[in-house]
Amino acid sequence: MSIFFILLIAIILDAVAGEPKLIWDRVSHPVVLMGNMIDWFEKRYNEGPQKTRNGVFTIIALVTVSISAGLVINILPLHSVFEVVLVAILLAYKSLVDHITSVSEASKISLEESRYMVSKIVGRDVNILDESGVARSTLESAAENLSDGFIAPIFWYVLLGLPGILAYKMINTADSMIAHKNDKFKEFGWATAKLDDMVNFVPARVTAILILIAGLQIKKINIVYRDSKLHRSPNAGWPETAMAVVLGIALAGPRSYNGQKGKDPYINVDGEHKLSSYHIDNGIKLLQKVWLVTLTSIILGVVVF
């Protein structure tokens, strides 16, 4: 089977089945196994005067293991079947939509309920968020995770096959675990953070373009280019600004982490600032349109290749 045909089956399988709790309650999810491996390295090497060097060694070792696993699977009997299932597992479209939908439904019940649900997908202080803050946090997470959890894995799978998507997921998982800018991880996670920025550079921009295409707003790419530079992340600003532009809202802005409120500027500052579950629902519809555009692109890949 061609890469595009495998991807076509996998993307549909992910959209239909997602991550069945019945299965993952009984066996470990591949990302959980990656997390366990990352944790093993962190506990043993995040110490002493050479934390930066140890961090470089750690991420090289983790990526090497991931690539090797992909190469081994490729030589197994019926490897295409394993590949379809594994790629579907490593895509996170349905789980993303499910999480965003949960926040939207909670927002229609109470502010406290919506704060609780959004706390599952963002790292900022949620206890101070008002209705607009909840919606803004949710849509920012939706845009960033559309890139990190869906488009980027597809990009690296198309480019480098199973070793590529496994390596990407390992890097992205490591980034979420050890690339924090606090005293514990600043040195050890430095190499991981830089590598994550590199592997997400193209996918983040591709995601922004797909969002603009899905929202029929491709002419506003200049606004995305301009305002993405205002974001604290060199990559997340692209899909977030694209989503803000298509939905006609302002995203980012000041936010609080661990009791410390930042001074981040708004992106698409002329957009609507007062947000609600209505805007979250529009964001879900936009995610669905991006999925359809992506699916169409993959079908074209099957036909051409």
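You'll find the structure just up there.
The notes below deal with the structure included here. (Residues numbered from 1 in each chain as written. Predicted model: local features only at pLDDT ≥ 70, side-chain atom pairs only at ≥ 80, totals over all residues. Heavy atoms only, no water.)

### Topic: the overall build of the protein
The criterion, for reference: Numbering goes from the N terminus for both helices and strands, where a helix is a DSSP run of H or I of at least four residues and a strand is a run of E of at least two. Here the globule rule reads 2.2 Å times residues to the power 0.38, and the radius of gyration is calculated from C-alpha atoms. Per-residue accessibility, obtained with a 1.4 Å probe over protein chains only, is compared with the maximum for each type, and a residue is labelled buried under 20%, exposed over 50%, and partly exposed between these values. Throughout, a residue-residue contact means that at least one pair of heavy atoms, one from each residue, lies within 4.5 Å. Surface exposure here means Shrake-Rupley accessible area, sampled with a 1.4 Å probe, where a residue is shielded only by the protein chains that are shown. The convention is simple: Lys and Arg are positive, Asp and Glu are negative, and His and the chain ends are not counted. Charge placement uses NZ in Lys and CZ in Arg. For Asp and Glu, CG and CD serve respectively.
Looking only at helices and strands, the protein has twelve helices and four strands in total. The C-alpha atoms of the protein give 19 Å as radius of gyration, which agrees with the globular expectation for 305 residues (19 Å, within 12%). For the protein, the spread of C-alpha atoms along the principal axes amounts to about 55 × 55 × 40 Å. Going through the 305 residues of the protein one by one, you find that 51% of them count as buried. Contacts spanning at least 24 positions in sequence make up 70% of the contacts within the protein whose residues lie at least 6 apart. Surface summary for the protein: the accessible area is close to 15,000 Å², and the carbon and sulfur share equals 63%. Charge-centre separation for the protein: the mean point of 29 positive side chains lies 3 Å from the mean point of 28 negative side chains.

### Focus: the pattern of salt bridges
For clarity, the threshold we go by: One side-chain nitrogen of Lys or Arg within 4 Å of one carboxyl oxygen of Asp or Glu is enough to make a salt bridge.
Enumeration according to the criterion identifies eight salt bridges in this entry. For Asp-39, the salt bridge is made with Lys-43, and the minimal N-O distance between the two is 3.2 Å. On the criterion of helical spacing, the pair formed by Asp-39 and Lys-43 is a turn pair, its members being four residues apart in helix α3 (residues 30–45). A relative accessible area of 57% places Lys-43 in the exposed class. One network of salt bridges, with partners in common, ties together Arg-124, Glu-140 and Arg-255.

### Describing the environment of Ala-135
Locating Ala-135 in the fold gives a position in helix α8 (residues 131–178). Take Ala-135: its relative accessible area is 1%, and that puts it in the buried class. For Ala-135, the residues in contact, after removing those within four places along its chain, are Leu-275, Ser-276 and Ile-280.

### Details of the side chain of Arg-205
Rules: Distance and chemistry together define a polar contact, namely a pair of N or O atoms within 3.5 Å, with one atom able to donate a hydrogen and the other to accept it when in protein, and with adjacent residues in sequence counting only for side-chain atoms on both sides.
With respect to the secondary-structure elements, Arg-205 resides in helix α9 (residues 190–214). A polar contact of 3.0 Å, which involves the side chain of Arg-205, links it to the backbone oxygen of Pro-234. Sequence-distant contacts of Arg-205, defined by excluding residues within four places in its chain, comprise Pro-234, Asn-235 and Trp-238.

### Things to note about the packing of aromatic side chains
When we look at a pair of aromatic rings, we describe it by the centre distance and by the angle of the planes. The condition is simple: In this scheme Phe, Tyr and Trp rings, the latter by its six-membered ring, pair at centre separations within 6.5 Å, and the angle between planes marks the pair as stacked below 30 degrees, edge-to-face above 60, and tilted otherwise.
Applying the stated rule across the entire model yields nine aromatic pairs. Centroid distance Trp-40 to Phe-41: 5.1 Å. Interplanar angle 80°. Geometry classified as edge-to-face. Trp-40 sits in the partly exposed class, given a relative accessible area of 42%. Centre to centre, the rings of Tyr-45 and Phe-57 are 5.4 Å apart; their planes meet at 70°, and the pair counts as edge-to-face. With Tyr-45 in helix α3 and Phe-57 in helix α4 (residues 51–74), the pair connects residues that are twelve residues apart, well separated along the chain.

### Here's the deal with the nonpolar core
Note the threshold: What we call a nonpolar core is a set of buried Ala, Val, Leu, Ile, Met, Phe, Trp, Tyr and Cys residues that are connected through their side-chain atoms within 4.5 Å.
Counting residues in each nonpolar core, the largest one holds 82 residues, and the members touching the most others are Ile-11, Val-87, Leu-146, Phe-150, Met-243 and Leu-287. Considering each element in turn, this core owes the most residues, 21 residues, to α8. Those residues in contact with Leu-287 that lie beyond four places of it in its chain are Tyr-93, Leu-96, Val-97, Ile-100, Ala-142, Leu-146 and Met-243.

### Quick look at α3
What counts here: Helix span is expected to be 1.5 Å times the residue number reduced by one. The arc in question is the one traced by the directions running from the helix axis out to the C-beta atoms.
A rise of 1.5 Å per residue sets the reference length of α3, with its 16 residues, at 22 Å; its end C-alpha atoms lie 23 Å apart and thus fit the reference within 8%. Among the residues making up α3, those that are buried are Pro-30, Met-34, Gly-35, Ile-38, Phe-41 and Glu-42. Projected down its long axis, α3 shows its buried positions confined to an angular sector of 140°, all on one face. Looking at the packing, one finds that the buried side of α3 touches α2 (21–24), α4, α5 (79–90) and α8.

### Considering the environment of Gly-149
As for its placement among the helices and strands, Gly-149 is situated in helix α8. For Gly-149 and Leu-90, which are 59 residues apart along the polypeptide, the C-alpha to C-alpha distance reads 7.9 Å. Apart from the residues within four sequence positions on either side, Gly-149 is in contact with Leu-90, Leu-91 and Ala-92.

### Section: α8
Since the α-helix packs 3.6 residues into each turn, any two residues three or four apart lie on the same face. The test is simple: The reported bend at a residue is simply the angle between two axes, fitted to the 7 residues ending at it and to the 7 residues beginning with it.
Taking 1.5 Å as the rise per residue, α8 with 48 residues should run 70 Å; its terminal C-alpha atoms sit only 31 Å apart, a clear shortfall. At Leu-160, α8 shows its largest bend, some 145°, and a proline, Pro-163, comes one to four positions later. Most of α8 is tucked away, with 38 of its 48 residues classed as buried. Of the residues that open α8, the one with a side-chain oxygen 3.3 Å from the backbone nitrogen of Ser-132 is Asp-130.

### Topic: the packing of α9 against helix α11 (residues 237–247)
Convention followed: The angle between two axes is taken between their N-to-C directions and runs from 0 to 180 degrees, where each axis is a line fitted to C-alpha atoms and a helix contributes only its stretch in contact. Small angles under 35 degrees read as roughly parallel and large ones over 145 as roughly antiparallel, with 65 to 115 read as roughly perpendicular and the rest as oblique.
Their axes nearest at 8 Å, the elements α9 and α11 cross at an angle of 10°. By the angle between their directions, the pair α9 and α11 is classed as roughly parallel. For the pair α9 and α11, contact is made by Ala-204, Arg-205, Thr-207, Ala-208, Ile-211 and Leu-212 and by Trp-238, Pro-239, Ala-242, Met-243, Val-245 and Val-246, respectively.

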